[in-house]
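Fold and geometry: a report
The residues making up each chain are set out below.
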Amino acid sequence: MIFNRNKINNNLPTQWIWTNLSEIAEIILGQSPSSSTYNIEGIGLPFYQGKKDFGDIYPVPHKWCTSPKKTAEKEDVLISIRAPVGSTNICSEKSCIGRGLAAIRPLGGIQSLFILYLLRTFEQEISEKAIGTTFGAINRNQLKQIPIPLPPLAEQHRIVAKIEELFTKLDAGVEALKKAKEQIKRYRQSVLKYAFEGKLTEEWRKENKDKLEPASVLIEKIKAKRKEKLGKKYKELPPIDTSELPEPPEGWVWVRLGESCEIIMGQSPSSKTYNYAGIGIPFYQGKAEFGNIYPTRVKWCSIPVRIAEKNDILLSIRAPVGPTNICPETSCIGRGLCAIRYELNELSRYIFYYLRSIESELSKKGTGSTFSAISRAQIENLLIPFAPLPEQHQIVSEIERRFAVADAVEKVIDNSLKQAERLRQSILKKAFEGKLVPQDPNDEPASELLKRIKESKENMQSQKSKNKGKK
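Residues numbered from 1 in each chain as written. Predicted model: local features only at pLDDT ≥ 70, side-chain atom pairs only at ≥ 80, totals over all residues. Heavy atoms only, no water.

**Notes on the state of the cysteines**
The condition that has to hold: Cysteine sulfur atoms are paired as a disulfide whenever they come within 2.5 Å of each other.
Under the counting rule described, the total for this entry stands at 0 disulfides. Of the cysteine sulfurs around Cys-261, a residue in no disulfide, the closest is that of Cys-338, at 10 Å.

Here is the structure:
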């Protein structure tokens, strides 16, 4: 059997019966047609290849087929039988199905939604039974043997109606939680916007006005430090044209990123020096390794070519352009990243948060025919509203205080979303244990339904044999 009956109570209600999927449904395995028959212009039947075409209940067509080999009819249940295995949808119209899917056609008046919800109850178990060395898959025989706890037909209808009622309420709650999560995302962006317009520290700035040294003085100190470090390599840049820039708060100044920071462009070392065993220093190649603030160590490098230091800002400079993280320790960086080293290293988060505030703008700066990327010159010429040093401290503090509250609220939302999913599974489990709706002793027993389906299948087979004989 494809999953353990112990997932639900074996002690089914009196009028229920255990059977298997092949006894109550016709199973049609998909078969991919020739690629020459595919199109994206909507010509022919919708063509579904696998889980990637699935929506919440109904699939969304992206391709069509003019010469299908296997088709699913309207209201057939579609199940993904190649990785990922187990996901389900309901076919909304006659469609072509590829070998990543099977169509399950309920018999005897059984509703498609009943089969859909039943299979979703056991989706994890079905997925775990997938076999194959290249990718997981289940075969026709495994599908046929899926055990089915079958209630009377009338009770099936009551079960589906109750699930729909409860899921509608649950979906409304989940949608509200998702909207709240989007609002938190917008709130964070608003915080960053106000921070670098000087609005978060407006009152603080008034209270400390006499104690603040203008940011222009700080920039001159940074420049002097860089001149000493670079010697003849240091290049004095022309003044910034601020005629089209917003007026910064009092004491602030616009500055190029390259004037306040060192830019280290990543360079990928030889693949022979990569390893997953922790030998050498962490090696980051791009956005794929990024976390919320710090990247996740996946690879290490024994002979690095470009190095980022602790507290350097890591900026993704090849598609996708714009995402940022903070380097947690000395690390190797590949060509998908650059390290931005603020001369005042302990305050790199000021630059980090500013870059996050303009991430969408950075992504638009990427150029390239094969993939989007930004150059050293583009990075060095990014303009930053530079605040006096104590105010930079205060801005980072104000941002992180507000973000901590947003993080706490988001955690509550995430937990609620997980609870909603657990509740969904609990509803399905109760439904197929016979505990979601009351039983009616006047309902025709499921054994009678199964008998009728069997007789109908035998009659159909007999008629097919007669037709074949006539031919």
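**Quick notes on the sheet that holds strand S15 (residues 281-284)**
In plain terms, the rule: Should DSSP find at least two bridges between two strands, the strands are regarded as paired. Counting from the N terminus, the helices are DSSP H or I runs at least four residues long and the strands are E runs at least two residues long.
Ordered in space as S14-S16-S15-S20-S17, the 5 strands form an open sheet in which the pairing is mixed. The sheet is open, and its two borders are formed by strand S14 (274-275) and strand S17 (307-308), each paired with just one other strand. Of the pairings in the sheet, the one linking S15 to strand S16 (residues 299-301) comprises 3 bridges and is antiparallel in character. Within the sheet, the bridge partner assigned to Phe-283 lies in S16 and is Lys-299.

**Considering the sheet that holds strand S6 (residues 71-72)**
On the basis of which strands lie adjacent, the open sheet formed by 5 strands has the order S3-S5-S4-S9-S6 and mixed pairing. Since the sheet does not close on itself, it has two edges, and those belong to strand S3 (38-39) and S6, each with one partner. Pairing between S6 and strand S9 (residues 95-97): 2 bridges, direction antiparallel. Residue pairing for S9: Ala-72 is matched across the bridge by Ser-95.

**Observations regarding the side chain of Arg-341**
We apply this condition: Working definition: with a 1.4 Å probe on protein chains only, accessible area under 20% of the residue-type maximum means buried, over 50% means exposed, and in between means partly exposed. The term polar contact refers here to a pair of N or O atoms within 3.5 Å; inside protein, the definition further demands a hydrogen-donor-capable atom paired with an acceptor-capable atom, and it admits residues adjacent in sequence only when both atoms are side-chain atoms. Only heavy atoms enter the contact rule, under which two residues are in contact if any of them lie within 4.5 Å.
Position of Arg-341 among the secondary structure elements: in strand S21 (residues 337-342). A relative accessible area of 19% places Arg-341 in the buried class. Only 2.8 Å separates the side chain of Arg-341 from the side chain of Asp-312, close enough to count as a polar contact. The residues touching Arg-341, leaving out its near neighbours within four places in the chain, are Ser-260, Cys-261, Glu-262, Ile-264, Ile-307, Ala-308, Glu-309 and Asp-312.

**Focus on the environment of Lys-70**
Relative to the helices and strands, Lys-70 resides in the loop between strand S5 (63-65) and S6. The exposure class assigned to Lys-70 is partly exposed, which follows from its relative accessible area of 28%. For the pair Lys-70 and Ala-103, spaced 33 residues apart in sequence, the C-alpha separation works out to 9.4 Å. Residues in contact with Lys-70, not counting those within four places in the same chain, are Ile-28, Leu-29, Gly-30, Gln-31, Ser-95, Cys-96 and Ile-97.

**Focus: the pairing of strand S10 (residues 101-106)**
The element S10 is extensively covered by neighbouring structure, given that 5 of its 6 residues are classed as buried. Taken together, the 5 bridges between strand S2 (residues 25-29) and S10 define a ladder with antiparallel strand orientation. By the bridge assignment for S10, Glu-26 is matched with Arg-105.

Shape is all these values report; function is a separate question.
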